[in-house]
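Analysis of the macromolecular model
Spelled out from the first residue to the last, the chains are:
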Amino acid sequence: MALNNSQYDEIFRSYDAKQLKAQHQLEERTKAAYERSPELKALDASIAEISVASARRLLDGDSSALTELKAELKNLRTRKKALMKELSLPENYFEPVYECPDCKHTGYIDGKPCLCFKQQATDLIYTQSNIKDILARENFSTLSLDYYSDSNINPATGLTSLATAKAAVARCHEFVDQFDTTFANLYFFGDTGIGKTFLSNCIAKELLDSGHSVIYFTAFQLFDIFEKNTFHRETDEDIIAAHQNIFDCDLLIIDDLGTELPNSFTISQLFLCLNERILRKKSTIISTNLTLNQIAEIYSERTFSRISSHYVMLKLFGDDIRIQKKFR
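Now for a look at the structure at hand. What you are looking at is a predicted structure, and each value in this text was computed from that prediction instead of being measured.

Reading guide: rules and limits
- Residues numbered from 1 in each chain as written.
- Predicted model: local features only at pLDDT ≥ 70, side-chain atom pairs only at ≥ 80, totals over all residues.
- Heavy atoms only, no water.
- Pairing = 2+ DSSP bridges.
- Helix = DSSP H or I, 4+ residues; strand = E, 2+ residues; numbered from the N terminus.
- Axes fitted to C-alpha atoms, helices over the stretch in contact; angles between N-to-C directions.
- Contact = heavy atoms within 4.5 Å.
- Buried < 20%, exposed > 50% of the residue type's maximum accessible area, 1.4 Å probe, protein only.
- Right-handed = clockwise from strand over helix to strand, strands pointing away.
- Salt bridge = Lys/Arg side-chain N within 4 Å of Asp/Glu carboxyl O.
- Parallel < 35°, antiparallel > 145°, perpendicular 65-115°, else oblique.
- Nonpolar A, V, L, I, M, F, W, Y, C, P; charged D, E, K, R; others polar.
- Arc of directions from axis to C-beta.
- Core = buried A, V, L, I, M, F, W, Y, C linked by side-chain atoms within 4.5 Å.

**Topic: the sheet that holds strand S8 (residues 283-288)**
Read from one edge of the open sheet, 5 strands run S6-S7-S8-S5-S9, paired in parallel fashion. The outermost strands of the open sheet, each flanked by one partner alone, are strand S6 (214-218) and strand S9 (312-315). Mean inter-strand twist for the sheet, computed between neighbouring axes without regard to direction, equals 15°. With 5 bridges connecting them, strand S7 (residues 251-257) and S8 associate as parallel partners. Following the sheet pairing, Leu257 is matched in S8 by Thr288. Along the sheet face, helix H10 (residues 264-279) touches S7 and S8 and points at about 150° away from the line of S7.

Following this line, the structure appears as structure tokens:
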């Protein structure tokens, strides 16, 4: 995902803080161990002294003396290991403890971003957009099907509201499970308040927890970024990064499509966004109250074609859950 300079700086400041914390903790552990055993402190001092002497002899080409120093160094380390065992100290006691042992708080492994870096980048974007608070409340562990009727039947499918919701939830789990191996997009539609956004958030939480980059925008927010990037990008670095993230993130969620004011600009930008992500094999979830016929009428036949050809349609129906909660 594309990050702007201030976001990079913020992430690496956190890495610097973690490295300082790990070093401070190591110093505290070392101090505690030395207080318990002065011999351990003396052994470490001797090991350090002989290591420096060995390096000097190596530079001087004195191989005979170097052999003697190596033997002495080996004896000291053997004694230290035995003493640490007597003190019930683990072998890695004098090594820093890192939250991410893979990159050791550098953010990179062999020149490539570590998984923890990618996660921090995603976390930062989500923190800035306040989405994490929502995902703490709306996820698969808090999902309840109690609000879907087992008697209200959709005449078009012959399925009850509850059966329809169960099938949609199963498809969401499948979407998550196959995310890394199968390119797919989801189109949630139906009346207001029947769980479309909730299911999108469930998927977002699962993919975020597994280290994928997920970006959530309402339709209004999405088109606002497109507008600012088109007409004001030279003055706003954050907008440039946000626009890039729309095309680069693993999953883009567009919520409440159709609530914005459609015009020639939004129509063209929606097609560009959906088409480009399809070409890049980047998954997208759309939730809307609009039917596919309305998509064709409002956003053009081209957009209708992309959605109908590349998206799995999941229609939910039933009574407004928000209203039900008020009376329970």
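**Details of the pairing of S8**
With 6 of 6 residues buried, S8 is to be regarded as a mostly interior element. Residues Ser283, Ile285 and Ser287 line one face of S8 and the alternating positions Thr284, Ile286 and Thr288 line the opposite face, and both faces are buried. One ladder, built from 4 bridges, connects strand S5 (residues 186-189) with S8; its direction is parallel. Directly across from Phe189, in S8, lies its bridge partner Thr288. Crossover connection from S7 via H10 to parallel S8: handedness right-handed.

**Remarks on the environment of Ile194**
Inspection of the secondary structure assignment puts Ile194 in the loop between S5 and helix H7 (196-209). Sequence-wise, Ile194 and Leu316 are 122 residues apart; in three dimensions their C-alpha atoms are separated by 6.6 Å. Setting aside anything within four residues of it in sequence, one finds Ile194 in contact with Tyr148, Leu316, Phe317, Gly318, Asp319 and Ile321.

**Examining the pattern of salt bridges**
For the structure on display, the rule yields 10 salt bridges. Put simply, Lys80 and Asp44 hold a salt bridge, and the shortest N to O gap is 2.7 Å. Taken together, the residues span a long stretch of sequence, with Lys80 in helix H3 (residues 63-86) and Asp44 in helix H2 (residues 38-60) at a distance of 36 residues. The partner of Asp209 in a salt bridge is Lys205, and the shortest N-O contact between them spans 2.7 Å. With Asp209 and Lys205 both in helix H7, this residue pair falls 4 residues apart, about one helical turn. Of the residues examined, Lys205 reaches a relative accessible area of 24% and is grouped as partly exposed. Bridged by salt links that share partners, the residues Glu39, Arg79 and Glu86 form one connected network.

**Notes on the packing of helix H9 (residues 237-248) against H10**
Two quantities define a packed helix pair, namely the angle between the helix axes and the distance between the axes. Between H9 and H10, the shortest axis-to-axis distance is 9 Å and the interhelical angle comes to 50°. Here H9 lies oblique to H10, going by the angle between them. Judged by residue contacts, Ile246, Phe247 and Asp248 of H9 engage Leu272, Cys273, Glu276 and Arg277 from H10. A per-class count over the contact of H9 with H10 returns 4 nonpolar, no polar and 3 charged.

**Focus on helix H11 (residues 292-299)**
The set of residues buried in H11 consists of Ile295, Ala296 and Tyr299. When H11 is viewed along its axis, its buried side chains cluster within an angular range of 105° and face the same direction. Exposed positions of H11 whose direction lies more than 90 degrees from the buried face are Asn293 and Glu297. Of the surrounding secondary structure, the elements contacted by the buried residues of H11 are S5, S7, H10 and helix H12 (301-310). Among the residues trailing H11, Ser300 stands out with phi positive, at a value near 100°.

**A short note on the packing of helix H8 (residues 219-232) against H10**
Closest axis-to-axis distance for the H8/H10 pair is 10 Å, and the angle between their directions is 100°. On the basis of their axis angle, the class for H8 and H10 is roughly perpendicular. Here Phe223, Phe226, Glu227, Thr230 and Phe231 of H8 come into contact with H10, specifically with Phe265, Thr266, Gln269, Leu270 and Cys273. Of the residues in the contact of H8 with H10, the class split is 6 nonpolar, 3 polar and 1 charged.

**Concerning the nonpolar core**
When a protein is soluble and globular, its nonpolar side chains tend to lie buried together. Grouped together as the largest cluster of nonpolar side chains are 27 residues, with contacts concentrated most on Phe175, Phe188, Ile203, Leu207, Leu251 and Ile285. Looking at this core, the element that brings in the most residues is H7, giving 7 residues. The next biggest cluster of nonpolar side chains, apart from the first, holds 25 residues, and it includes Ile246, Cys249, Ile254 and Ile286.

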